[in-house]
Amino acid sequence: MFDLALADYFAWLRSFFEYVSERETSIMLRESQYVMPWVFVLHVISMCMFAGTILMMDLRLLGVGNMATPFSQVQRRLFPWQMAAMFFSAATGLALVWGNPMNYVTNIIFWVKMLAMGIAGLNAIAFHFITEYTLVDWDAGETPPFGAKLAGGLSILLWANVIVAGRLIPYALTWFRTY
Amino acid sequence: MYEYFVQIAQWGPSRAINESSWIFALVQAFHLVSLGFLAGSLLMVDLRLLGRGFSQQPLAVVARDARPWLIGSLVAMVATGVPQFISLATKEYDSPYFRWKMLMLLIALIFTFTIRKRVAYAPEGRFGGGISKAVALVSLGLWTSVAINGRLIGFFS
């Protein structure tokens, strides 16, 4: 057991989550017996589409998968699916938190997930502004440069972290004492 | 039949998983990571069949690239699925969603490694656009239903 007094450091965050939990829509979601499980189902399905299309692009960056296709085509053809899936994952994820905000605000594993998502986003942006400039040199090549491998490898690790943390959120209640 | 499930739940590994506070949780988590890879390797071929994927390459080339990841993620799914099943065998026996999942999984596996494989590796132009799209939609539908029933096992049983 660990004592994590997160709420002391993030009092404003807690009051915001409390505010949300008192909204009528939040109460409705919380009290509905069947809506929440189906939102979880939709969250998993959108995760499949998002992680699937992201991971396949990462494997290409690492130089270990989808090598018959130039990276620029992998990226261009998967981008609309990644964005659509990100939208649905975010919408269903938001609904899950909206319906039970007090389950998440002091949940350390939930915040690990949010942090990993943020870093994964920064990794994607860094790749876009740095390594992608050299794309013409290695687009169809068998061995992507170190920068591309780094971006792909980090992306796989970070998104796997997001998925693992996401699944472990409910276990935080038994693993950690939070208040 | 039920006695077998009771026996499975009493195996040493099953009890070890149940007695641990974290093994089951971690196995579940990596089942989902494997699901991400499985979904990706399925989508590469199904999107291509729908005309939305890596359309500059012949379908068979895209399918060959996806194949090791499809097989690998299926192996990982089974490796992380079996421990969950044996530790909850008696509960799974009663769950209609577990039964549906296994049925849909069987159909999805047969479809993927017969009809879908045949269409994916056929010479370019052998099957028309209508057949390709139908195969992609059936594949996505079957695998989605496996995932949906899998998630529902945890909620309503």
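All values reported here derive from a predicted model rather than from experimental measurement.

Thresholds, definitions, all that
Residues numbered from 1 in each chain as written. Chains lettered and ligands numbered in written order. Predicted model: local features only at pLDDT ≥ 70, side-chain atom pairs only at ≥ 80, totals over all residues. Helix = DSSP H or I, 4+ residues; strand = E, 2+ residues; numbered from the N terminus. Buried ≥ 20, exposed ≤ 12 C-beta atoms within 10 Å, placed from the backbone. Contact = placed C-beta atoms within 7 Å. Nonpolar A, V, L, I, M, F, W, Y, C, P; charged D, E, K, R; others polar. Axes fitted to C-alpha atoms, helices over the stretch in contact; angles between N-to-C directions. Parallel < 35°, antiparallel > 145°, perpendicular 65-115°, else oblique. Left-handed = near helix turned anticlockwise from the far one by under 90°. Core = buried A, V, L, I, M, F, W, Y, C linked by C-beta atoms within 7 Å. Expected span 1.5 Å × (residues − 1). Bend = angle between axes of the 7 residues up to and from the residue.

(A) Representation of the overall build of chain A within the structure. The helix and strand tally for chain A stands at 10 helices and 2 strands. Secondary structure elements of chain A, listed N to C terminal, follow the sequence β-α-α-α-α-α-α-α-α-α-α-β. Its C-alpha atoms give chain A principal-axis dimensions of about 55 × 35 × 25 Å. Looking at chain A residue by residue over its 179 residues, the buried ones come to 32%. Intrachain contacts of chain A at a sequence separation of at least 6 include 81% that bridge at least 24 residues.

(B) Broad picture of the interface of chain B and chain A. Each side of the interface is counted separately: chain B has 26 residues, and chain A has 29 residues. Sorting the residues of the side of chain B that touches chain A by element identifies helix 3 (23-49), helix 4 (59-87) and helix 7 (129-153) of chain B as the ones contributing at least two each. Here the residues of the side of chain B that touches chain A sort into 16 nonpolar, 8 polar and 2 charged.

(C) Looking closely at the packing of helix 4 (residues 35-62) of chain A against helix 5 (residues 71-99) of chain A. Residue and element names in this part refer to chain A. The contact between helix 4 and helix 5 brings their axes to 8 Å, and the two run at 155 degrees. One finds that helix 4 runs roughly antiparallel with respect to helix 5. The element helix 4 and its partner helix 5 pack so that their crossing is left-handed. Along the lines of polarity and charge, the residues of the contact of helix 4 with helix 5 split into 20 nonpolar, 9 polar and 1 charged.

(D) View of the nonpolar core. Counting 62 residues, the largest nonpolar core has Cys 48, Ala 51, Leu 55, Trp 159 and Ile 163 of chain A together with Ala 39 and Val 45 of chain B as the members making the most contacts within it. Secondary structure elements with two or more residues in this core: helix 4, helix 5, helix 7 (108-129) and helix 9 (146-168) of chain A together with helix 3, helix 4, helix 6 (96-120) and helix 7 of chain B. No other element matches helix 3 of chain B, which puts 13 residues into this core. In this structure, Val 45 of chain B is in contact with Val 62, Ala 63, Ala 66 and Ala 120 of chain B, ignoring residues within four places of it in sequence.

(E) Quick look at unusual backbone geometry. All names here are of chain A. Within the chain, Asn 66 stands out as a residue other than glycine whose phi angle is a positive 55 degrees. Among the secondary structure elements, Asn 66 is positioned in the loop between helix 4 and helix 5. A residue is classified by how many C-beta atoms lie within 10 Å of it, and Asn 66, with 27 of them, is buried.

(F) View of the environment of Ser 89 of chain A. All names here are of chain A. Examined against the element boundaries, Ser 89 turns out to sit in helix 5. For the pair formed by Ser 89 and Met 49, sequence separation is 40 residues and the distance between their alpha carbons is 9.1 Å. Ignoring sequence-local partners within four residues, the contact set of Ser 89 consists of His 43, Ser 46, Met 47 and Phe 50.

(G) Quick peek at the environment of Gly 130 of chain B. Residue and element names in this part refer to chain B. Relative to the assigned elements, Gly 130 resides in helix 7. A residue is classified by how many C-beta atoms lie within 10 Å of it, and Gly 130, with 8 of them, is exposed. Put simply, Gly 130 and Leu 49 are 81 residues apart on the chain and 9.6 Å apart in space, counted from C-alpha to C-alpha.

(H) How the structure looks around helix 3 of chain B. All names here are of chain B. Between its terminal C-alpha atoms helix 3 stretches 39 Å, which fits the 39 Å expected from 27 residues at 1.5 Å a residue. Taking the largest bend as the criterion, helix 3 deviates by roughly 30 degrees, centred on Leu 43. Counting buried positions along helix 3 gives 20 out of 27 residues, so the element sits mostly inside the fold. Just beyond helix 3, the residue with positive phi is Gly 51, at close to 80 degrees.

(I) Region of the structure containing the packing of helix 9 of chain A against helix 3 of chain B. It is the contact of helix 9 of chain A with helix 3 of chain B, at a shortest axis distance of 8 Å, that shows an interaxial angle of 135 degrees. With respect to each other, helix 9 of chain A and helix 3 of chain B are oriented oblique. By crossing handedness, the relation of helix 9 of chain A to helix 3 of chain B is classed as right-handed. Contact with helix 9 of chain A, carried on its side by Ala 160, Ile 163, Val 164, Arg 167 and Leu 168 of chain A, involves Ala 25, Gln 28, Ala 29, Leu 32, Val 33 and Gly 36 of chain B of helix 3 of chain B and no other residues of that element. For the contact of helix 9 of chain A with helix 3 of chain B, a count of residues per class yields 8 nonpolar, 2 polar and 1 charged.

(J) View of the environment of His 31 of chain B. Residues and elements named next belong to chain B. Here His 31 is to be found in helix 3. On the basis of neighbour count, His 31 is assigned to the buried category, with 20 C-beta atoms found within 10 Å. Along the chain, His 31 and Ala 108 lie 77 residues apart, while their C-alpha atoms are 18 Å from each other. Filtering out sequence-adjacent residues up to four positions away, His 31 remains in contact with Met 77, Thr 80, Gly 81 and Gln 84.

(K) Helix 7 of chain A, seen in detail. Look at helix 7 of chain A: 32 Å from first C-alpha to last across 22 residues, which is about the 32 Å you get at 1.5 Å a residue. Those residues of helix 7 of chain A hidden inside the fold are in contact with helix 9 and helix 10 (172-175) of chain A.

So far we have only geometry, and geometry alone does not tell us how the molecule works.
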